[in-house]
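# Report on the structure
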Amino acid sequence: MAKPLTLLGIETSCDETAAAVVRRGAGPDASGEILSNVVFSQIAEHAPFGGVVPEIAARAHVEHLDGLIARALDEAGIGWDDLDGVAATAGPGLIGGVIVGLMTAKGIAAARGLPLIAVNHLEGHALTARLTDGLPFPYLLLLVSGGHSQLLVVEGVGRYRRLGTTIDDAVGEAFDKVAKLLGLGFPGGPAVERAALEGDATRFALPRPMMGRPGCDFSFSGLKTAVRQAAETHGRLGDQDRADIAASFQAAVADVLAERTENAMALASEAIPAGYRHLVVAGGVAANQLLRERLKVSAHACGYEIVVPPLKLCTDNGAMIAWAGAERLALGLVDPISIGPRARWPLDAEAASAGAKA
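Summarised in this report is the structure supplied together with it. (Residues numbered from 1 in each chain as written. Predicted model: local features only at pLDDT ≥ 70, side-chain atom pairs only at ≥ 80, totals over all residues. Heavy atoms only, no water.)

## Observations concerning the overall build of the protein chain
- Per the secondary structure count, the protein chain includes 12 helices and 10 strands.
- Rg of the C-alpha trace for the protein chain: 20 Å, near the compact-globule value of 21 Å for 358 residues, within the 12% margin.
- Each of the three principal axes of the protein chain carries a C-alpha extent, and together these read 60 × 50 × 35 Å.
- Expressed as a percentage of the 358 residues in the protein chain, the buried residues total 54%. (Helix = DSSP H or I, 4+ residues; strand = E, 2+ residues; numbered from the N terminus. Rg over C-alpha atoms; globule rule 2.2 N^0.38 Å. Buried < 20%, exposed > 50% of the residue type's maximum accessible area, 1.4 Å probe, protein only.)

## Examining helix 7 (residues 221-234)
- In this model, helix 7 (14 residues) spans 20 Å end to end at C-alpha, consistent with the 20 Å of a helix rising 1.5 Å per residue.
- Among all positions of helix 7, only L223, K224, A226, V227, A230 and A231 are buried. Down the axis of helix 7, the sector holding all buried residues measures 160 degrees, keeping them to one side. Facing away from the buried side of helix 7, by more than 90 degrees, are the exposed residues E232 and T233.
- Considering only its buried residues, helix 7 is in contact with helix 5 (171-182) and helix 8 (239-268).
- Positive phi appears at G235, one or two residues downstream of helix 7, with a value of about 95 degrees. (Expected span 1.5 Å × (residues − 1). Arc of directions from axis to C-beta. Contact = heavy atoms within 4.5 Å.)

## Describing the pattern of salt bridges
- Per the stated rule, a full pass over the model turns up 18 salt bridges.
- The closest approach of N and O atoms between D169 and K224, which form a salt bridge, is 2.6 Å. Within this pair, whereas D169 is found in the loop between strand 8 (159-165) and helix 5, its partner K224 is found in helix 7, the two being separated by 55 residues in sequence.
- For K224, a relative accessible area of 14% corresponds to the buried category. (Salt bridge = Lys/Arg side-chain N within 4 Å of Asp/Glu carboxyl O.)

## Side note on the pairing of strand 5 (residues 116-120)
- Most of strand 5 is tucked away, with 5 of its 5 residues classed as buried.
- Burial of strand 5 is two-sided: the residues L116, A118 and N120 facing one way and the residues I117 and V119 facing the other way are all buried.
- Read as a crossover between parallel neighbours, the route from strand 4 (residues 85-91) over helix 3 (residues 95-112) to strand 5 is right-handed. (Right-handed = clockwise from strand over helix to strand, strands pointing away.)

## Some remarks on the nonpolar core
- Within the largest apolar cluster, 48 residues are counted, with the highest numbers of intra-cluster contacts made by L140, F220 and F249.
- Every element with two or more residues in this core is listed here: strand 6 (139-144), strand 7 (149-156), helix 5, helix 6 (188-196), helix 7, helix 8, strand 9 (278-282) and helix 9 (289-301).
- With 11 residues, the top contributor of residues to this core is helix 8.
- With near-sequence residues (within four places) excluded, F249 lies in contact with A174, F175, V178, V192, L206, L223 and V227.
- One finds I117, I321, A322 and A330 within the second-largest nonpolar core, a separate group that totals 34 residues. (Core = buried A, V, L, I, M, F, W, Y, C linked by side-chain atoms within 4.5 Å.)

## A look at the sheet that holds strand 4
- Taken in spatial order, the 5 strands line up as 3-2-1-4-5 in an open sheet, and their pairing is mixed. Edge positions in the sheet fall to strand 3 (32-41) and strand 5, since each has one partner strand and no second. This sheet shows a mean twist of 20 degrees between the axes of neighbouring strands, independent of strand direction.
- Where strand 1 (residues 5-11) lies against strand 4, 4 bridges are found, and the strand directions are parallel. (Pairing = 2+ DSSP bridges. Axes fitted to C-alpha atoms, helices over the stretch in contact; angles between N-to-C directions.)

## Things to note about the sheet that holds strand 7
- Taken together, 5 strands build an open sheet; the order of strands is 8-7-6-9-10 and the sheet is mixed. The strands lining the two open edges of the sheet, one partner per strand, are strand 8 and strand 10 (305-307). Direction aside, the axes of adjacent strands within the sheet are offset by 25 degrees on average.
- Along the sheet face, helix 8 touches strand 6, strand 7, strand 8 and strand 9 and points at about 155 degrees away from the line of strand 6.
- Helix 9 contacts strand 6, strand 9 and strand 10 of the sheet and is inclined by roughly 155 degrees relative to strand 10.

## Quick look at the side chain of D241
- Mapped onto the elements, D241 comes out in helix 8.
- Within the local environment of D241, its side chain forms a polar contact with the side chain of H234, the two groups lying 3.4 Å apart. (Polar contact = N/O pair within 3.5 Å; in protein donor to acceptor, adjacent residues only side chain to side chain.)

Pasting the structure below:
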């Protein structure tokens, strides 16, 4: 499309209820502008349970989404008639929450006569760097979140080639479980990072799963087990013990992710021309400062420039969904009102059909 596009984006895949308005300029590599980005975090509701409770999350989405959409439009200074489309996460995610957001978007699209764009939540993360930094295709993506750990070549909108994925747990899930084991609180990623600031990363010798092996796959299940064994062997844990275990765990994760990503950069260099060698790090775990620093060093050593979206766009948000919707709408990619929600929805369908974890 040869005109600017203004889209409403709705995100309800997990424990953030979010709505945003984003405007995309005209042209194939047009810049983007976030007009509003409103997020309601459900941390307080889930903290007593040490993790996300799907039923509580879905009910909170129902309670807050309509008000957030009204606020997003108000902060953007626009009305319904100014929208060119509505985008919503259609998966992957907790199915109850996905249903809430997608059905709301369907209602808006039907009532206002707007195009509906059902967005893959992972594509929202994958394309955020084009919104914030105007990156051209192709580029390498390290996607690290509570549910996913993947390395992909982003060749274009809807075109992703997976180089590696987790064979068991996602790295964000590992942070959450280690935090719960150590009694550090929820959400686990920030809790472990805060504790690690006061810790000695060399005190506990933890494994680095998959390091030194060919390929780009990850494994974090054994590392979680090693943390549990270290804690149990030590006995009663004081604050310094928890800090040292947290620091040792975080260092192990950073080592693994850096080494696996270095392998991916070597592989991707065959497909990505020298002038396009960017490593994009996206997803909630991308907020971890130690990981960012380690990956900067790795990227520089491999001839890549690292791009990490702002912290507020690393965690789940509506702006990334609106932007992904605008990218798809610019190509004429819209969805029927009959499209359904999906609990699982891999970016690289070819890799998923071969048996790789989504």
